[in-house]
Structure formats: structure tokens, C-alpha cells
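Analysis of the macromolecular model
The residues making up each chain are set out below.
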Amino acid sequence: MLDSELIRLSEDDNQAEVRLVPNKHAPLTIVDLLELLHVEPFNQLSPILTNIEEAVTQINELTGQRAGAEEFLFILAERNNCQIEISLSKDNMQAEVNLTAGWGDQQVSIDDILTALNNRNIHQGIDKSKIAEQLTQLPGLSPGKQIKIIAAQGLLPIHGKNAELKRQVSLARERLLKPQLKADGNVDMRNLGEIKMVQVDDLLIEKIPADEGTKGFDLLGKELLPKSGKDIKLQAGPGTCIDPNNQLRLLATITGQAVEVRGVLQIDDMLTIKNVDVSTGHIEFKGSILITGNVDAEMMVKSSGDITVMGFVDSATLEAEGDIIVNKGILGRQVVNKNRHQELATKITAQGQIRAQFVQYSELTAIGDIIITKQLLHSVTNTQGKLTVSDGFNRHGDIVGGSVNANNGINVVNIGATSGTKTEIFCAMQEDEIRVQVQDRSEELKTLVEDDNSLWIKINNLPHKDKWKHDHGVVTEIKEMLYEKNRFNQQRVNNEVELQQLQLELKQYYQVHLIDVGKCIFDNVTLHIGSASTVTQREHGPCRVIHKDKHIDFYYA
């Protein structure tokens, strides 16, 4: 065992030195020298293994030789301060500090880390409180152990909110789902309240403007531009005007009923008639129509606004540029047309929504949603929106027979019947259209990037400013190029965000467009969701039916 007095600190106190005489201290092992480093203050220094191995080899080789009587100096250990390493993520949005605990008593301060970040040109997004909190762990670490600190984070841009049109008046279609309370507290399903009329100067819509969003930044100081919120034009339909004192308000200019036609609110005169039958003839009216009774067989009603029927529609044709609301039911039957083909006698077509309590043997076509509160029987139903067949309490709401096609999904209580009535359901059939939109937008973005890069090369190849700064024509051309470059930049940001939204919509398409069943799907129901289809061979309880990997899956509640 070597004498502990052989080892000492160097003059600057940063190294451990040992002086050895081969003929006196041999034979020597690595363990002998390491034991000298186990005592203070040498245990605060980092062993230099290559030096230790060299000392052992040299001392043992010189034993018994002439040179073995000489004294040799070896450096066995040295102070290694805490090491600071900065790693930056590929997108320059996160900086990680790796601290390796050192050999010695010198600790790292926040200023040391800030200096290291500054040396990497990182000046923004630094979280000093988090650094200080993590640094408290350092004294407890053994030499050579590491801790990692997320010391700085970039800030993603906050995209602007889209403009919003807040409607301040109710539409006739909303009335159907608001039965009135009776004095005894029960609900009167037949009394839906009066039809709301608007007066001159009533506020119809209040517009919430879009905002520009908030810029972000990466850790190297690059600005990340937000996408501006999309504007929505506040349009004045017939019977309305934009408030001359406030361009964000839409006012009524006449007394009448509020109607939404292709997304534009208008105030219609209202034609009120008791029944539509052979005594009245067909009805075609530029405005909304209120029928307080029924529409009889083979009659036709056309409106540029809403059609509201308080009673029944039986084997008739209704067409509206707004909504069609039938408070009771829509009835029909199968007939043979002039080509001797079977068709349905009742045809209901709306540019907006269709709402009714029950429907049978009828053809329904809507751009907006279709909402049936009780039954949809043996009918052909098409909507670009969502189909709901439910009373809202999961008690009534049956689709039996016929064919249903709802682009945006279906919410229903029961599909089919215990008798195995053939029923066909189509849902979410627009995936290919969205895929084409994604491809088209990708091509547009690619072309935009190429044009942007070409313009940037042209700008960079301009001669020195001194050669053209007095040439008005060249100055004008360069200003146009810079304007075009800024336009490209903004358009590129907008296109990238829109492409991401389309890609997300495509990715989540079947998570959103699906069939929710509150009670039961009976056998002999054909289900199509996108490219997947199946025919039920048994009853399925409450479930969600989705498209997954080109197959129909049932998830039970």
C-alpha cells in the first residue's frame, strides 16, 4: 500500500500529482494508485485512467534498472467542471441543455447557461425559472451523471379567428323542436308556439370580425407568421340592409319572417293559406309560405323562402329555396309513372333543411340537414348534411325500409325491423372528393413554392443598388417584385394551413362521418360507409358503426 503523503495537489490546485521511485514503490498496481485518490481532497478530482495505466507500466518496467533509482512525476487526476451542451431541435423550436456533473466543487450558474445559449444565438423563449428549478438537482448528482433541461421554447403562431355571423333571430325550422309547456308543467307536443315575425329595424345578424392572429418565433429569431382569420361577407338579402351606422350589423327593412336561403338571411313576405287542394290550385310564391292546414294529393307548392306546413303533406310536391318544415307528417305511396316504373308520389326538395315528425313512402332531398323526430319509413332520403331520426330522448326514431344517403353521418334510434325489412344505408361517401382536393392543393402549393423560389433567385441576382437606384423604371420593377414576394409568402402560409386542414379532415374523415345507433340495428340492413359495406345477419344493440381499414366495425355502447 502506498503512503498517502506521496500524492499532493498541483500549485493551481487543479491536478493530483504523485512522485514515484521504481526501485522503491514497485511492484505497482492500478488499484494502488486509485486508493490514493479515495481520500479528500483528491476524491473531488476526475481520474485520468490513461495516466494511471502509464504510471503502473513505467514504474514496473524500470524496477531493478539504473533508471529505477530516479523519481518520476505523474498526473493522476484533474478537476473537470460541469459540462454544458446545447442541443437544438430540427425545427429550431426547442433548446435542450445537457448538464454533466463535474469532478470538483465548481457549480454551474444560470448565467453560465444563459451564456451558452447566447453563444448559440438563442435569445428568445428562455425559461429562467425552469432552469433555476432544475439546477437545484445538480449538487446531488454523482460526477459524470447528467440532467437535461428544456431551457427555451419557441412560440407557434396563433392563427386568427374566422369572422363569425351571429344570428339574433330564430328561424321557422327551430320552432319544430320547441314544444310549449302547459300550465300543469307537461309538454304539449302539438303546440309549437307562434311563428316569430320580425319588425322594421330589428337586429338580424351581428358580425364578429376576423382577426389577424399572433406572430410566433423560433429560437433563432425567425418570425413565424400566422394565418389570418377568414372573413365572411355580411350580405344583405331581400328585406334587409346593413346598418349605415355600423357595418357589422344587419337590420330588417320590412316586417316578415326571417328565412335563410343558401346561407343568406332575408325577410320574406309570408303567404298564409289554410289548405292547399284543388280549390286553391298549385302554389308558387316569392316569399315564405305558411300553410295552417294540409297539402293534399297531387298538389305542388314552390317557395323562394321557407315552407311551413302545420298539418300533413300527402302525396304532394314541395320545393323550397329555404327550409321545409312539416309539423305533423309527410305521407306518400308508390305509384307507376308514364314509363311504367314505380316511383314515390311525395317529393320534398329543400335548399336548406327538412324537418318533420314522421315520413313514409316519400322522396326527400336536402342540401342541409334532415331531422325526423319519429319515423322514416320506406322512403328515399338524400342529404348533403346529417340525418337525424330521433325524438331526442332515445325513445322514438326508426328508419325502416327504403334507402338513405347522408354525407355527414346519421344519428338514429333503430334501423330496420324485427321482420327483417330490407333497409339500405349510405354514409360518408365523399372521401374521394376530399382526396382530390388534397392533391389539387398540394399541386398548387408546389407551383407556388417554385414561383416563389424563382422570384427570390431573381431578386438575389440584382446588381448593386448603386447601379439602379436612380432608374425610376428599375426601382418600380423591384418594388413590384418585393410586393409579389410578400404576397407569395402570405399565400404560401395560407395554402400550407389549408392543406394541413384538408389532410387532417381526410385523416379524421371516418372518425366524424359515422352512424350512431341508440337502440338496435335489425338483420337485413345493408350498411355502406365510404368504400366499406356489410349486410347485418343478426341484431346489434346500441352501437357506433364506423369505417375502419376498409371494413365496417361496430363499437358497442
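Look up: the structure comes first, before these words.
Everything in this summary refers to the structure shown in the same document. Residue numbers here run from 1 along each chain, matching the order of that chain's written sequence. The predicted nature of this model means local features are confined to residues of pLDDT at least 70 and side-chain atom pairs, given and counted, to a pLDDT of 80 or more, with totals for whole chains, interfaces and linings taken over all residues. To obtain the side-chain values, all non-hydrogen atoms of the structure were used and water was disregarded.

Quick notes on the overall build of the protein
Just so we agree on the cut-off: Numbering of helices and strands runs from the N terminus, with a helix taken as a DSSP run of H or I at least four residues long and a strand as a DSSP run of E at least two residues long. Here the globule rule reads 2.2 Å times residues to the power 0.38, and the radius of gyration is calculated from C-alpha atoms. A 1.4 Å probe rolled over the protein chains alone gives each residue an accessible area, and that area as a share of the maximum for its type sets the label: buried under 20%, exposed over 50%, partly exposed in between. Contacts are assigned to residue pairs with any non-hydrogen atoms lying within 4.5 Å of each other. In this description, accessible areas are obtained by the Shrake-Rupley approach with a 1.4 Å probe, and a residue is regarded as covered only by the protein chains that are shown. A positive count includes Lys and Arg, and a negative count includes Asp and Glu. His and the chain ends are not counted in either. To locate a charge, the coordinates of NZ of Lys, CZ of Arg, CG of Asp or CD of Glu are taken.
Along the protein, the regular secondary structure elements total nine helices and 42 strands. Computed over the C-alpha atoms, the radius of gyration of the protein is 40 Å, more than 25% above the 24 Å expected from 2.2 N^0.38 for a compact globule of 557 residues. Its C-alpha atoms give the protein principal-axis dimensions of roughly 135 × 80 × 55 Å. Counting over 557 residues, the protein shows a buried share of 41%. Partitioning the intrachain contacts of the protein with sequence separation of at least 6 by distance along the chain shows that 50% fall at a separation of at least 24. Of the roughly 30900 Å² of accessible surface on the protein, 47% is carried by carbon and sulfur atoms. One finds the centroid of the 58 positive side-chain charges in the protein at a distance of 8 Å from the centroid of its 77 negative side-chain charges.

Focus: the pairing of strand β17 (residues 264-268)
Note the threshold: By the convention used here, strands pair only if DSSP detects at least 2 bridges between them.
Taken across its five residues, β17 has five buried, putting it largely inside the fold. With burial as the criterion, each face of β17 is covered, one bearing V264, Q266 and D268 and the other bearing L265 and I267. Taken together, the five bridges between strand β16 (residues 257-261) and β17 define a ladder with antiparallel strand orientation. Bridge pairing links V259 to Q266 in β17. Between β16 and β17, which pair antiparallel in sequence order, lie two residues; one of them, R262, sits at a positive phi of approximately 50°.

Notes on the nonpolar core
We apply this condition: Only buried Ala, Val, Leu, Ile, Met, Phe, Trp, Tyr and Cys residues count toward a nonpolar core, and they belong to the same one when joined by side-chain atoms within 4.5 Å.
Judged by nonpolar contacts, the single largest core of 56 residues is most densely connected at V295, L318, I410 and I515. Excluding its chain neighbours within four sequence positions, the residues that come into contact with I410 are K386, L387, I399, V404, I425, F426, C427, L514, I515 and D516. Membership of the second largest hydrophobic core comes to 22 residues, among which are A26, L45, I52 and I59.

Description of the packing of aromatic side chains
Basically, it comes down to this: Stacked, edge-to-face and tilted are the three classes for Phe, Tyr and Trp ring pairs, Trp counted by its six-membered ring, which pair at centre distances within 6.5 Å; planes under 30 degrees apart are stacked, over 60 edge-to-face, the rest tilted.
The full count for this structure, using the stated rule, is two aromatic pairs. With a centroid separation of 6.2 Å and 55° between ring planes, the pair formed by F312 and F358 is classed as tilted. Linking F312 in the loop between β22 (307-309) and β23 (313-314) with F358 in strand β29 (residues 354-360), this pair joins segments that are 46 residues apart in sequence. Note on F312: relative accessible area 31%, which makes it partly exposed.

With respect to the pattern of salt bridges
What counts is decided by this rule: A pair is scored as a salt bridge if a Lys or Arg side-chain nitrogen falls within 4 Å of a carboxyl oxygen belonging to Asp or Glu.
One pass over the structure, following the stated rule, counts eight salt bridges. Between D231 and K207 there is a salt bridge, with its nearest N and O atoms 2.9 Å apart. Here the residue D231 occupies a position in the loop between β13 (223-224) and β14 (240-242), and K207 occupies one in strand β11 (residues 203-208), the gap between them amounting to 24 residues. With relative accessibility at 11%, the residue K207 sits in the buried group. The salt bridge partner of R395 is D391, with a shortest N-O separation of 3.5 Å.

Some remarks on helix α4 (residues 110-119)
Counting along an α-helix, one turn takes 3.6 residues, and residues three or four places apart therefore face a common direction. To keep things clear, this is the line we draw: The directions from the helix axis to the C-beta atoms form the arc being described.
Every buried residue belonging to α4 is among I113, A116 and L117, and all of these are buried. Considered in projection along α4, the buried side chains sweep an arc of 100° and stay on one side of the axis. Away from the buried face of α4 by more than 90 degrees, exposed residues D111 and N119 are located. Among the residues trailing α4, N121 stands out with phi positive, at a value near 65°.

A few points about the sheet that holds strand β6 (residues 94-100)
Our working definition: Geometry is summarised by axes, namely lines fitted to C-alpha atoms with helices restricted to the contacting stretch, and by angles between N-to-C directions that run from 0 to 180 degrees.
What the three strands build is an open sheet, ordered β5-β6-β7; its pairing is antiparallel. Looking at the sheet topology across the chains shown, the edges are occupied by β5 (83-88) and β7 (146-153). Strand-to-strand, the axes of this sheet are offset by a mean angle of 25°, without reference to chain direction. When β6 meets β7, the two strands line up antiparallel, connected through seven bridges. Paired with N98 across the two strands is K148, which belongs to β7. Contacts from α4 reach β5, β6 and β7 within the one sheet, and its direction differs from that of β5 by about 40°. Against the sheet, helix α5 (residues 128-135) touches β6 and β7, its axis set at about 175° to β7.

Thoughts on the pairing of strand β40 (residues 532-535)
Bridging between strand β39 (residues 525-529) and β40 involves four bridges; their strand directions are antiparallel. Directly across from H528, in β40, lies its bridge partner S533. From the end of β39 to the start of β40, which pair antiparallel, there are two residues, and G530 there has a positive phi angle of about 60°.

Points about the side chain of T346
Note the following rule: Polar contact criterion, stated in full: a pair of N or O atoms within 3.5 Å, where within protein one must be able to donate a hydrogen and the other to accept it, and residues adjacent in sequence count only if both atoms are side-chain atoms.
Within the secondary structure layout, T346 lies in strand β28 (residues 346-350). Among the polar contacts made by the side chain of T346, one reaches the main-chain carbonyl oxygen of L331 at a distance of 2.5 Å. Those residues in contact with T346, other than ones at most four positions away along the chain, are V313, D314, S315, A316, I330, L331, G332, Y361, S362 and E363.

Geometry only, nothing functional implied.
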